Amino acid sequence: MKWIKYILMVIVIIAVTLFVAVRSMILEPPLIENKDVLQSSVIHVNDSLSLCNDNWLKMNEGGISEMYISGSPFEMGVQNGMLTQELASRQEAYFFDFISSLIPSKATLQYLKYFISYFNKDLDEYIPLNLRKEIYGISLFASDDYDFVGEKYHRILNYHAAHDIGHTIQNMNLVNCTAFSVQNELTNDSSLIIGRNLDFSAGDDFARNKLVVFCEPDSGYNFAYVSWGGMIGVLSGMNEHGLTITLNSAKSGIPLSAKTPVSLISREVLQYAKTIDEAYNIIQSYDSFVSESFFIGSAVDKKAVVIEKSLDAVAIYDSKESKLVLTNHFQSDELKDTELNLESIEEGCTMYRMQRTHELIDGYEHLDVNKVVGILRDKNGMSDRSIGIGNEAAVNQLICHHSIVFKPEEKLMWVSSFPYQENNYVAYDLDKVFSNDFNVEKDAVSIDSLKIEASAFYQGNGVETIWRYRALLNTIKANLDSESMPVLDTGAIEAIVEQNKDFYYTFYILGQYFEKIGAADTALAYYEQSLNCKIPRMVDREQVLKRIEGIKNEHDNK
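So, here is what we can say about the structure in this document. (Residues numbered from 1 in each chain as written. Predicted model: local features only at pLDDT ≥ 70, side-chain atom pairs only at ≥ 80, totals over all residues. Heavy atoms only, no water.)

This part covers the sheet that holds strand 2 (residues 49-52). Spatially, 1-2-3-4-7-8-9-10-11-12-13 is the arrangement adopted by the 11 strands of the open sheet, whose pairing is mixed. For this open sheet the edge positions go to strand 1 (43-46) and strand 13 (314-317), each flanked by a neighbour on one side alone. Direction aside, neighbouring strands of the sheet carry axes that sit 20° apart on average. Summarising the sheet, strand 10 (residues 243-249) and strand 11 (residues 292-298) pair through 7 bridges and their orientation is antiparallel. Counted as the bridge partner of Leu247 is Phe294 from strand 11. Sheet contacts for helix 10 (residues 276-284): strand 11, strand 12 (303-309) and strand 13; angle to strand 12, the most-contacted strand, approximately 10°. (Pairing = 2+ DSSP bridges. Helix = DSSP H or I, 4+ residues; strand = E, 2+ residues; numbered from the N terminus. Axes fitted to C-alpha atoms, helices over the stretch in contact; angles between N-to-C directions. Contact = heavy atoms within 4.5 Å.)

A cis amide bond links Phe418 to the next residue, Pro419, at an omega of 5°. In this structure, Lys302 takes a positive phi of about 55° despite not being glycine. Note that Lys302 resides in the loop between strand 11 and strand 12. The backbone of Tyr420 sits at a positive phi, close to 55°, despite the residue not being glycine. Tracing the backbone through its elements, the reader meets Tyr420 in the loop between strand 16 (412-416) and strand 17 (425-429).

Another aspect to go through is the pattern of salt bridges. Evaluation of the coordinates by the stated rule reveals 22 salt bridges. When the shortest N-O distance is used, the salt bridge between Lys303 and Asp318 registers 2.4 Å. You can see Lys303 sitting in strand 12 and its partner Asp318 sitting in the loop between strand 13 and strand 14 (323-326), a full 15 residues away along the chain. Assessed through its relative accessible area of 29%, Lys303 is described here as partly exposed. Lys336 is paired through a salt bridge with Asp333; the nearest N and O atoms lie 3.5 Å apart. The exposure class of Lys336 is partly exposed, given its relative accessible area of 33%. Linked by salt bridges that have partners in common, Glu92, Asp144, Asp147, Lys152 and Arg155 make up one network. (Salt bridge = Lys/Arg side-chain N within 4 Å of Asp/Glu carboxyl O. Buried < 20%, exposed > 50% of the residue type's maximum accessible area, 1.4 Å probe, protein only.)

Where helix 5 (residues 129-139) meets helix 9 (residues 262-272), the closest approach of the two axes is 11 Å, and the angle between their N-to-C directions is 110°. Considering their axes alone, helix 5 and helix 9 lie roughly perpendicular with respect to each other. Contact residues: helix 5 offers Asn130, Leu131, Glu134 and Ile135, while helix 9 offers Leu264, Arg267, Glu268, Gln271 and Tyr272. Residue composition of the contact of helix 5 with helix 9, grouped by class: 4 nonpolar, 2 polar and 3 charged. (Parallel < 35°, antiparallel > 145°, perpendicular 65-115°, else oblique. Nonpolar A, V, L, I, M, F, W, Y, C, P; charged D, E, K, R; others polar.)

Burial analysis of strand 11 places 7 of its 7 residues in the buried class, which makes it a mostly covered element. Both faces of strand 11 are covered, namely the face carrying Glu292, Phe294, Ile296 and Ser298 and the face carrying Ser293, Phe295 and Gly297. What sits between the antiparallel neighbours strand 11 and strand 12 is a turn of 4 residues, in which Lys302 has the positive phi angle 55°.

Take the environment of Arg377 next. Position of Arg377 among the secondary structure elements: in the loop between helix 13 (369-376) and strand 15 (402-407). Overall, the relative accessible area of 12% leaves Arg377 in the buried class. As for Arg377 and Ser455, which are separated by 78 residues in sequence, their C-alpha atoms are 8.2 Å apart. In this structure, Arg377 is in contact with Asn396, Gln421, Glu422, Asn423, Tyr425, Glu453, Ala454 and Ser455, ignoring residues within four places of it in sequence.

Okay, helix 18 (residues 504-516) next. Taking 1.5 Å of rise per residue, the 13 residues of helix 18 would be expected to cover 18 Å, and the 19 Å separating its terminal C-alpha atoms lies within 8% of that figure. Counting buried positions over the 13 residues of helix 18 gives 10, a clear majority of the element. All buried positions along helix 18 are accounted for by Tyr504, Thr506, Phe507, Tyr508, Ile509, Leu510, Gly511, Gln512, Tyr513 and Phe514. Taken from the residues just after helix 18, Gly518 is the one with a positive phi, measuring 90°. (Expected span 1.5 Å × (residues − 1).)

This brings us to the nonpolar core. Across soluble globular proteins, nonpolar side chains have a tendency to be buried as a group. Within the largest apolar cluster, 65 residues are counted, with the highest numbers of intra-cluster contacts made by Tyr225, Val269, Phe294 and Ile296. Sequence-distant contacts of Ile296, defined by excluding residues within four places in its chain, comprise Leu243, Thr244, Ile245, Ile276, Ala279, Lys303, Ala304, Val305 and Ile307. Ile64, Ile404, Phe438 and Val440 belong to the second largest nonpolar core, which has 30 residues in total. (Core = buried A, V, L, I, M, F, W, Y, C linked by side-chain atoms within 4.5 Å.)

On the basis of which strands lie adjacent, the open sheet formed by 6 strands has the order 14-5-6-15-16-17 and antiparallel pairing. Strands with a single pairing partner mark the edges of an open sheet, and in this sheet they are strand 14 and strand 17. Across the sheet, the mean angle from the axis of one strand to that of its neighbour is 10°, orientation sign disregarded. In the sheet, strand 6 (residues 193-198) pairs with strand 15 via 5 bridges, with the strands oriented antiparallel. Bridge pairing in strand 15 links Gly195 to Val405. Here helix 12 (residues 350-362) sits on the sheet and contacts strand 5 (178-182) and strand 14; the angle it forms with strand 14, its principal contact strand, is near 150°. Most of the contacts of helix 13 go to strand 15, to which it runs at about 150°, and overall it touches strand 5, strand 6, strand 15, strand 16 and strand 17.

So, to be careful, I would describe these as geometric facts and stop short of saying anything about function.
Here it is in structure tokens:
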């Protein structure tokens, strides 16, 4: 009977543990004293404009949604949720589909759900009350379709840590960004210009519905940022004082518990800082999930710096020059020689991308916004070598959620229309949008005269060609683990190569295809061709070499 007691004891322990775990996953929403805003309604003026009190949502001709929200945190959240209910629902569907494509196993997804819920059980303790109130307001209008993932407030709160969670699962490579600034003798009018690509890839559908948000909160400063439905965290933005901020990930240690998501730290900076010193004080006051570089531009200070934040230190990197470049590794004296940072530089392509960005900047005598956009669109490697479309070593990898340019001293920003950096960049003047005489029913939100035209690559159907190429490669990849592989004719193989003939990944996937169908010699030739291309990361090269070694070993054993 002794063993029965042990089993009962184990069952009790498991039951208690599960009860505690489930209870701990329930995050209580903040107390809201005044909920009058919930009596608001949305008025659809026409197909492109909706109003909610003095707030609005407008779709521009380039497909970017533009929104203005104001008031207390809860009021901003509710009005945001009401106006973007359809957009947010669509983004959640895209995001969930993307995660499901990465992790097709339902059992694994279920485990990941509980792991993240438990890991983030104290997440609300690290998020300022004002932001929790705003997120709660949005969550009241979240889709019912994903209630199986979690309770709405808990779910939307956790989505704000998605950048950090993807970053923590470090080698998913969801985030590889390039940012730089130029000023003084490097620009045609000596003013500060900042450019950045947010290479956060959650799929093309997710990036399609960009949202430019203009916020007039009841405390702090007015600000604008680029986002998507349901997201109040800031990845790229500028406030009324010309303080700009962009997030750029760095190789990070594994956090042991929930901390403040970096996009919400960034949001606090944008709302409450007007100088670099004020931005630093806010950033260093929070513990973060992950290591991050905050690229800060300041019209007041007339300069840009990088505030680097690891899990246990904060440092400022100032190039002391008229240009500053950031590509996902630390550069300050305090953090540049840390083990993780040195590993990141050695194993990845951040240094190569940095060198290429410097090379592009140095290729101009004087830069303006159009030339900065030209750099952000560059798809080549060092010395203009063609390294294939989509290479992580390039400034433009054709995956970015958005690309943006700031002129802080003039409160101007340019945001790329879908897709990537290749379509038009739409211009916004913060002073205009926040002025008392701005009328959204009569006035355009963007400034058409400052629009930057789509690239020659886009106008020449280059993007559509790459989409066809990626679709073909994805079809091959989808069949690599199946029982049988459909045979491709010679024309199909030649078409794949021709569409991206300088990209190592083209030959790597074709090598796997021929290895799958038993054509080892042909597979070997493609793998060796892959090695002749620019391979961005050490792990990518090792994968190719492992395939080559496997084929040669199999040949020797026959």
